[in-house]
Amino acid sequence: MVSLKDVAQACGVSVATVSKALNDQTDIGEKTRRMIKEKARQMGYLPNSVARALKTNRSLNLGVLFADEANSGLTHDYFAAVLEGLRREAEEKGYDITFVSSNRKRDGRMSCLEHVRYRGFDGVVIACADFEDPEVKELVDSDVPVVTIDHIFNSRTSILSDNVKGMRDLLHFIHEKGHRRIAYIHGADSSVTRNRLASFHKTAEELGLSIPDEYVLEAAYRDIRAASAATERLLDLPVPPTCILYPDDYACFGAINTIYSRGLSIPDDISVAGYDGIRIGRQMKPRLTTLVQDTDRIGRLAASELIGLIEHPKTSIPGIILVEGSVYPGGTVADLL
């Protein structure tokens, strides 16, 4: 294995200079730093992670708490994309990621916080969880650096997709297409759902739209059956909507099959729009109209903010960071004008 001493001899400098260059210290010249880093790369030098951890009193390992209620795991398209961005950012900054066990403390098993302490994680990203769970609250209330995604805790950094603006932009797009009878099948109660639903009603009011109570239904996120059943109810109304918004793209796919099974055409007979912007929506015909969330940026910000809390605890200020999405026009919303 190539050592610091080997790199120092190859570069004709001291071991201390090599160490400073590889750790980006400022008391050596930029030209020397680049030369040493390039030589180290050519020689295949890898830092000793154990030695680095002992020196910095850190494990260089970030925990990720990810436990969605549907138990969809990494097949959950939105969070899988977020976690990929998180992983890339962490690795670029020299950290690994490991999932935190979400098992309940029973039969001698550890709580989330106990698992975090046992594994020596430097910090934790809570990417998907029941934020009312006592174990999650225990972790958030501890001295472990924590960043949350799509949920706000006091005194913790939160990375949020801008659901208020996202819903407003999507509804404006549909309204500009000439739709006035717009229904919304929203997800189960959560901070994300509450923000989207409030934005839907507020934007509708600003646009002068009248939204009947029967046009607003609930179906759990990623629940194809519930979304399909809600779609049936909307289509059976005496005056059905011309466009239906869904809680997420995945749920929308099931509803689309229900619409086709009734002999209806999309978007000629009924328009639909999803939310998230998962890739498969762009492969279907017509392409799904949706609000694309910037999952890569959300994941990368979660990692970078957590690493900042770990490496600069005295100067890092917890806060709420909003990440904007964008409307993908697709082809499932008809132009009625």
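If you're wondering where the values come from, they're calculated on a predicted model, not measured in any experiment.

Participant: Any details on the overall build of the protein? Residues and values, ideally.
Facilitator: If you tally the helices and strands in the protein, you get twelve helices and twelve strands. In terms of its C-alpha atoms, the protein occupies a principal-axis envelope of roughly 80 × 50 × 35 Å. Counting all 337 residues of the protein, 47% fall into the buried class. Taking the contacts inside the protein whose residues are at least 6 apart along the sequence as the reference set, 69% of them involve residues at least 24 apart. Just so you have it, the protein exposes about 17200 Å², and 49% of that area is on carbon and sulfur atoms. Of note, the protein has its 41 positive side-chain charges centred 8 Å away from the centre of its 47 negative side-chain charges.

Participant: Go over the pairing of strand E1 (residues 61-66), please, and point to the residues and values.
Facilitator: Of all six residues making up E1, six are buried, and the element is well covered by its neighbours. Residue alternation in E1 divides its side chains into two sets, Asn61, Gly63 and Leu65 and Leu62, Val64 and Phe66, and both sets are buried. As judged from the four bridges shared by E1 and strand E2 (residues 96-99), these two strands associate in the parallel manner. By the bridge assignment for E2, Gly63 is matched with Thr98.

Participant: How would you sum up the sheet that holds strand E8 (residues 243-245)? Please name residues and give values.
Facilitator: With respect to topology, four strands assemble into an open sheet ordered E7-E6-E8-E9, the strand pairing being parallel. The open sheet is flanked by strand E7 (216-218) and strand E9 (271-273), the only strands paired with a single partner. With direction set aside, neighbouring strand axes in the sheet form an average angle of 20°. Summarising the sheet, E8 and E9 pair through three bridges and their orientation is parallel. Across the sheet, the residue bridging to Leu245 is Ala273, located in E9. Helix H10 (residues 224-235) rests against strand E6 (182-186), E7 and E8 of the sheet, and its axis sits at about 155° to E6.

Participant: Any details on the pattern of salt bridges? Residues and values, ideally.
Facilitator: Under the counting rule described, the total for this entry stands at 20 salt bridges. Residue Arg87 is joined to Glu84 by a salt bridge in which the shortest nitrogen-to-oxygen separation is 2.5 Å. Of the two residues, Arg87 and Glu84 both sit in helix H5 (residues 77-92), three residues apart, roughly one turn of that helix. With relative accessibility at 28%, the residue Arg87 sits in the partly exposed group. Asp296 serves as the salt-bridge partner of Arg300, at 3.3 Å between the closest nitrogen and oxygen.

Participant: Go over the sheet that holds strand E4 (residues 146-149) with me, naming the residues and quoting the values.
Facilitator: The parallel open sheet is built from six strands, whose spatial order is E2-E1-E3-E4-E5-E11. Unpaired on one side and paired on the other, E2 and strand E11 (320-323) mark the two borders of the sheet. On average, each strand axis in the sheet is tilted by 20° relative to the strand beside it, whichever way the strands run. Of the pairings in the sheet, the one linking strand E3 (residues 123-128) to E4 comprises three bridges and is parallel in character. In the strand pairing of E4, Val125 is matched with Val147. Strand contacts of H5: E1, E2, E3, E4 and strand E5 (157-161), with the helix running at about 175° to E1, the strand carrying the most contacts. On top of the sheet, helix H12 (residues 295-311) reaches E1, E3, E4, E5 and E11; it is set at about 165° to E4, its chief contact.

Participant: Before we move on, can you summarise the packing of aromatic side chains with the specific residues and values?
Facilitator: Enumeration over the complete set of coordinates arrives at five aromatic pairs. Site record: aromatic cluster; members linked through ring pairs are Phe66, Tyr78, Phe79 and Phe99. A cation sits over an aromatic face here: Arg196 above Tyr275, 3.7 Å from the ring centre. The ring of Tyr250 has Arg222 lying over it, and the distance from NZ or CZ to the ring centre is 4.2 Å.

Criteria and cut-off values
Residues numbered from 1 in each chain as written. Predicted model: local features only at pLDDT ≥ 70, side-chain atom pairs only at ≥ 80, totals over all residues. Heavy atoms only, no water. Helix = DSSP H or I, 4+ residues; strand = E, 2+ residues; numbered from the N terminus. Buried < 20%, exposed > 50% of the residue type's maximum accessible area, 1.4 Å probe, protein only. Contact = heavy atoms within 4.5 Å. Areas by Shrake-Rupley, 256 points an atom, 1.4 Å probe, with all protein chains shown as cover. Lys, Arg positive; Asp, Glu negative; His and termini not counted. Charge placed at Lys NZ, Arg CZ, Asp CG, Glu CD. Pairing = 2+ DSSP bridges. Axes fitted to C-alpha atoms, helices over the stretch in contact; angles between N-to-C directions. Salt bridge = Lys/Arg side-chain N within 4 Å of Asp/Glu carboxyl O. Phe/Tyr/Trp six-rings, centres within 6.5 Å; stacked < 30°, edge-to-face > 60°. Lys NZ or Arg CZ within 6 Å of the ring centre and 35° of its normal.

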